Amino acid sequence: MTALAQKAPQRRRRAGIRGGQATAGYLFTAPALLALLVFLVVPILMALWVSFSDWGGNGSPFASGVRFIGLHNYAAITSGGGLAESDFGTSLRNNLWFVVFVVPSQTVLALLLAVLVNNRVLKGRGFFRTAFYFPSVTSSVAITVLWFFLFNPTGAVNQVLGAIGLRGPNWPADADGVLHLLLGLIGVRNGPGFLVNGSFLGVSWWDWLSGPSVGMLIIITMVVFTTSGTFMLLFIAALQNLSQEVEEAAMVDGASSWQRFRLVTLPQLRPTLFTVLTLGLIGTWQVFDQILVGSQGDPQKTTLTPAYLSYVAGFQQQNWGQAAAIAFILFAIIVAFTLLQRWVLRERGVSPRRMRRAGFRDDGGGGYRPAREDLLDAAAIAARPGQGGAL
């Protein structure tokens, strides 16, 4: 009884200390939490209400004259059958091809640059790191203006192509899809009937498979150029924190440079690779300023994106309900792609078949044991001093 009586006050003192620490923690984080609540959570909830209302942009969205209209705004852009649906479908098609071309390109380029500037043999590594990162901190408006100037019909890009005997296209005004152009080279001008006649979100399946337009290639190359430097820094930080012992052991085992990179270095970069791909997906689905400054959706809406379409619907057409609905559908798309990517890059265990091929057998309890334990026992005995020498 005496021991229990002594432990009770000690528990109360420890609980009191923890309670005081929790209170102090909440007090210190209260300003940040309050700022997040006022400037993030409340606007998101207001935008969610706007997506379900007929608010026209005048006055408060919570005024008595604003009516709740349910899913009408969402239905107008997904199944309305009019211009709103076709524009939304076109923007999704454009942005999907933008993601397909940009995310792998910028990830691979960033990794190659990181491996290059992390090489100890390279001289002037600091200069190259700064040079590769510099486009990422330059104003996107300035780079967009410069990039479109380079891709003008008489710009530097077409001048270089002309010097090697090629005729460059009118990049900013060419709405032809890249995949359709490649199919045209082998004589395929029109798609099969089921692709031409079938449609999704007001866009035919044949147009869904057109690829990015020539005009969109300007923005694709620009985004890859400006974002690879940022992701390069993430890969450099990860490469410098890798254990060198594993790579040295692979080198002793006779692994080539490519084998060491593919089988040793790259698996250890999985967390950083997930971060880079996640940030890349979020950024490419939210592309806006380059579209606003450079193309404004032209040519023929082949550079129209959901983020820019939401801006047009809200600030130009004063259709704030549809603008908010587009934003929340875009949010759902980003979350879905992020979860899919997390599933693809998840840690996978070794399959039973590969364990058996490696010389292990199931022990019946969910684990694996070496198939020839007698050889391991003999090896352990041989490794003891005085028992046949070292293994």
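Quick notes on the rules
Residues numbered from 1 in each chain as written. Predicted model: local features only at pLDDT ≥ 70, side-chain atom pairs only at ≥ 80, totals over all residues. Heavy atoms only, no water. Phe/Tyr/Trp six-rings, centres within 6.5 Å; stacked < 30°, edge-to-face > 60°. Buried < 20%, exposed > 50% of the residue type's maximum accessible area, 1.4 Å probe, protein only. Helix = DSSP H or I, 4+ residues; strand = E, 2+ residues; numbered from the N terminus. Contact = heavy atoms within 4.5 Å. Salt bridge = Lys/Arg side-chain N within 4 Å of Asp/Glu carboxyl O. Axes fitted to C-alpha atoms, helices over the stretch in contact; angles between N-to-C directions. Parallel < 35°, antiparallel > 145°, perpendicular 65-115°, else oblique. Left-handed = near helix turned anticlockwise from the far one by under 90°. Nonpolar A, V, L, I, M, F, W, Y, C, P; charged D, E, K, R; others polar. Core = buried A, V, L, I, M, F, W, Y, C linked by side-chain atoms within 4.5 Å.

Participant: What is the right way to read the packing of aromatic side chains from this model?
Facilitator: Where two aromatic rings form a pair, the distance of their centres and the angle of their planes describe that pair. Throughout the structure, instances matching the rule amount to 21 aromatic pairs. Plain terms: the ring middles of F200 and W205 are 5.8 Å apart, the flat faces sit at 10 degrees to each other, and that makes the pair stacked. For F200, a relative accessible area of 40% corresponds to the partly exposed category. Residue class for W205 comes out partly exposed when judged on its relative accessible area of 37%. By the ring-pair criterion, three or more aromatic residues cluster together here, those being W55, F288, Y308, Y311, F315 and W320.

Participant: Would you explain the environment of Q322 in this entry?
Facilitator: With respect to the helices and strands, the residue Q322 is situated in helix α16 (residues 320-344). Take Q322: its relative accessible area is 15%, and that puts it in the buried class. Each C-alpha atom of the pair Q322 and D54 lies 9.1 Å from the other, and the pair is 268 residues apart in sequence. Those residues in contact with Q322 that sit more than four places away from it in its chain are N73, A76, I77 and A84.

Participant: Would you take a moment to explain the pattern of salt bridges for this structure?
Facilitator: Pairing of side chains with opposite charge becomes possible as their charged atoms draw close. Counted according to the given criterion, the structure contains 2 salt bridges. Here D87 ties to K301 by a salt bridge, and the two come within 2.8 Å at their closest N and O atoms. Of the two residues, D87 sits in helix α3 (residues 83-117) while K301 sits in the loop between α14 (289-295) and α15 (306-316), which places them 214 residues apart along the sequence. On the basis of relative accessible area, D87 is assigned to the buried category, the value being 12%.

Participant: Could you clarify how one ought to interpret the packing of α3 against helix α4 (residues 125-137) in this entry?
Facilitator: For any two helices packed against each other, the geometry comes down to the angle between their axes and how far apart the axes lie. Close contact between α3 and α4 brings their axes to 10 Å; oriented N to C, the two are set at 160 degrees. Taken together, the axes of α3 and α4 are roughly antiparallel relative to one another. Classified by chirality, the crossing of α4 by α3 is left-handed. Counting all contacts with α3, which are made through L113, L116 and V117, the residues of α4 involved are R125, F128, R129 and F132. Broken down by class, the residue content of the contact of α3 with α4 amounts to 5 nonpolar, no polar and 2 charged.

Participant: Is there a simple way to explain the nonpolar core in this structure?
Facilitator: Across soluble globular proteins, nonpolar side chains have a tendency to be buried as a group. Core analysis: the largest hydrophobic core is formed by 57 residues, its most contacted members being F88, L92, F98, I219, F235 and W285. With 14 residues, the single largest contributor to this core is helix α10 (residues 214-240). Residues within four places of F235 in sequence aside, it is in contact with T107, A110, L111, A114, T272, L273 and V276. Membership of the second largest hydrophobic core comes to 5 residues, among which are V50, V66, W320 and A324.

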